[in-house]
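# Residue-level structural notes
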Amino acid sequence: MPSIFKAGDIMIGGIFPIFNKQENVNASFERKMQRINCTGFDLRAFRWTQVMMFAIDEINQDEGLLPNISLGYKIMDSCASPSNVLRASFTLVSVQKEEESTTQCNLPLTALVAESGSSQSLAVAGTLGPFKVPMVSYFSTCACLSDRRKYPSFFRTIPSDFYQAKALASLVNRYGWTWIGVLQSDNDYGRNGISAFTKEVDKMGVCIAFVGTILRTYPQSKIIEVVEMIKQSTVKVILAFVPEGDLYPLMKEIVKQNITGIQWIASEAWVTAARPSTPEIFKSFGGTVGFVVRKMAMPELGPYLKNISPYSPPQSSFFSDFWETMVGCKPCLSCELLPSANVTLNNQVCTGEEKLNYTEKFFDVTQVRVTYNVYQAVYAIAYAIHKLLFCENDKNNVLRQCLNVSQITPKHLQRVSFVDRYGENVFFDENGDPPASYEVINWQLREGEVQHVTVGYFSTSTDGTYKLTVKEDNINWITGNSVIPKAVCSDTCPNGTRKAQIKGQPVCCFDCITCADGSISNRTGAADCTLCPEEYWSNERRDKCVMKMKEFLSYTETMGIILTALSLFGASLTLAIMIVFIHFRETPIVKANNSELSSLLLVSLFFCFLCPLTFIGEPTMWSCMLRHTAFGVTFGLCISCVLGKTIVVVTAFRTTLPGNKLAGKFGPVQQRVIVFSCTAIQIVICVLWLIINPPFPEKVLKYYNKNIILECNTGSDAAFYAVLGYIGLLSAICLILAFLARKLPDNFNEAKFISFSMLIFCVVWVTFIPAYISSPGKYTVAVEIFAILSSAFGLLLCIFVPKCYIILIKPERNTKKHLIGKLQKASL
């Protein structure tokens, strides 16, 4: 197998994917294994070999590090193939046979710098682990390699994908991308990386629309299948967790089919790769965002790279491949022996005067990343060897050799901690991993070239927390502006709606359902609606709980105005009748109607008409107590007066019978006693009501969803119905007595009027009870006011209006002669 070799006291092996593709070989036990052919010379990997050589030369010149000991190296190609890397590792660690015409000696291998691909590193680490050969990788990121039980001798100078998965998930979550596609390479790197990423985004509610699998050795038909899957999907953001060599064939096909408008997220394996970073690829992959390890400027490496020449013996065939790739012709190292070689090679043989173009990215050492990882890997091995071989004498402060180089084990590398010449602290944790930190890279086209612009950082801390910082204004998205691409299966549900899962679809695909009445969602993307507090209700947009409208019978609404007007009209009419009676108090009809009881009845009716005013307006503690007690007392007084008048009427006309002395026993004193005793019983009931369980204002929520009914709770239903029952009892007695006296003279038909008024009163209050119970909210109050006004108007109109008619309209009938004449006729 071809290699780059330099002898030294201590040998370090190196394996790099100098060629990135191994041609398919049909293995058979019937014939000898053919020589492996590798294609696709990789300039980036070749530079990794050069930095390893550069670092070893630098260490050999350092008098403080491994003094008087030289390091040597043997570097081999893996062809980015697990099988080939295993072959290379066995070649490096096995006892070699000395061959003729070679300077390669049989020297022990101390440690190994390998490999870029995770699958390749897994193969080597699993094989060399039992032999305790330390291995330091510079580009293998699979989190599976941190398993110390399986890979005790594996170390690396690049962070584990455990952290990259968190970084990628943080980026996806930051921009609200919940519907994305992923591409993985068909190897350990891709599968483990996507697995770790999926575990992270599952916690964030992100859905994976599809998983495409690719590999550099796949036939074109499989590449086209993945492209078709991308075209048919609705995703606008795709994560490619794939090495650059595996992704490049897919990238060319995507550009060929002119697939644009997709925001690509890159893993560290390809985001800064030079081969795909071209204006042609940029047409479909412009605006790519990804994570990569920190960059470093290595100015001392520049002159070393510029001195590469295939004509400086002894050199490996790799240098000829490099020269052919960079210059475009193949150097002929034996042209003096074969003068006709130029003809046979169709003029592609170099003349020896070609010069390298130092403006190529290969020579740019201002922003090296993986190259710097290789540099640190070599130095980590050197420091481990140094601490193993030398110990410091405290007395003379001189170094002396303590152990033999063959005794180096992975535990010596585990203890390495130093600061390199660029100021970086190099050490490994218990899993052989370095501290994790990434830069956020954005693909931008500047002056016709694709630039990898740093737009943010991702870092972890010792306590396990991590932080993603992104400079939003510096990012150029695939949209061509600062508008962040949208990646959702269903648009985020707006305020006032909730997500409803679509059956058979991922959780990211849903319908938006408006919140039910009384519930809201005041944030976008709500999974459930929140019920409003008891005294609140949802607004029309269902995004805010608003205070329910307080509903009560107010003075400003139409019903309140009408009832207030009727109440005041009744009070005014009562007052007017009272004035008429006072003015005509000396007339026979007023005297005959017992002016004292009539005046007291008018006063009680006046207050009965004013009583509804306490029912209108927002209920308070005082208004609730006043309205019911005032109603009970005023109507008790009113009916007591009517009862007194009824008894007076009955007794007055019974005196015309011979031997009847009842009128003399029922004078003014007895009338007052009846009125005030009957009223006193009602007052006692009301006082007990107020003391034991008084009425109080209450917020009723059961009638309406959007309104709070403010009403007065009676406190004690028994007391309330006792007040009504007592009034009903008095009115029933009045009705019976008036009915018995209905056949009085037509000119003095007081008993008929009282009977009719009591009939109206009883009908009103009998119908009031079911209407009161069945009416909700403010209509309960309106029914009660209507009953009060109806009964009061019935009493007023039936008892007093006929008398006012005679007094004001028919004064000729308001004479003593007229009244006595009628009475005499009635007595005969």
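Above this text sits the structure in question.
Structural notes, computed from the coordinates. Every chain is numbered independently, its residues counted from 1 as its sequence is written. Only residues with pLDDT of 70 or above have their local features reported here, since the model is predicted, and side-chain atom pairs are shown and tallied only from 80 upward, although totals for entire chains, interfaces and linings are computed over all residues. Water and hydrogen atoms were dropped before computing side-chain values, which therefore reflect all heavy atoms in the structure.

### Digging into the state of the cysteines
Note the cut-off: Cysteine sulfur atoms are paired as a disulfide whenever they come within 2.5 Å of each other. Each helix is a run of DSSP H or I of at least 4 residues and each strand a run of E of at least 2, with the numbering of both proceeding from the N terminus. Type-normalised accessible area, obtained with a 1.4 Å probe on protein chains alone, sets the label of each residue: buried when under 20%, exposed when over 50%, and partly exposed for intermediate values.
With the rule as written, the count across this model stands at 9 disulfides. Disulfide pairing places Cys532 opposite Cys545 at an S-S distance of 2.0 Å. Taking the torsion about the S-S bond as the criterion, the Cys532 to Cys545 disulfide, at about -90°, is left-handed. Here Cys532 is found in the loop between β24 (530-531) and β25 (536-538), whereas its partner Cys545 is found in strand β26 (residues 545-547), with 13 residues between them in sequence. By relative accessible area, Cys532 is classed as buried at 12%. The cysteine Cys762 is free of any disulfide, with Cys734 supplying the nearest cysteine sulfur at 8.7 Å.

### Looking at the sheet that holds strand β5 (residues 71-77)
Each strand in a sheet pairs with its neighbour through backbone hydrogen bonds, running either in the same direction (parallel) or in the opposite one (antiparallel). Test applied: Two strands pair under a simple rule: DSSP has to find at least two bridges between them. Helix axes use the C-alpha atoms of the stretch in contact, all axes being lines fitted to C-alpha atoms, and the angles between their N-to-C directions lie in the range 0 to 180 degrees.
Spatially, 6 strands are ordered β1-β5-β2-β6-β7-β8 in an open sheet, and the strand pairing comes out mixed. Each having just a single partner strand, β1 (3-6) and β8 (154-156) make up the two edges of the open sheet. Strand-to-strand twist across the sheet, computed as the mean angle between neighbouring axes with direction ignored, equals 20°. Here 4 bridges tie β1 to β5, and the two strands are oriented antiparallel to one another. Across the sheet, residue Lys6 finds its bridge partner in β5, namely Tyr73.

### Quick notes on the side chain of Thr497
Definition in use: Two N or O atoms count as a polar contact when they lie within 3.5 Å, although within protein this holds only if one can serve as hydrogen donor and the other as acceptor, and sequence-adjacent residues are included solely when both atoms are side-chain atoms. In what follows, residue pairs with any heavy atoms lying within 4.5 Å of each other are defined as contacts.
Looking at where Thr497 falls in the secondary structure, it is placed in strand β21 (residues 497-501). From its side chain, Thr497 meets the backbone oxygen of Pro494 in a polar contact 2.7 Å long. Other than its neighbours up to four places away in sequence, Thr497 contacts Cys512, Ile513, Thr514, Cys515, Ser521 and Ala526.

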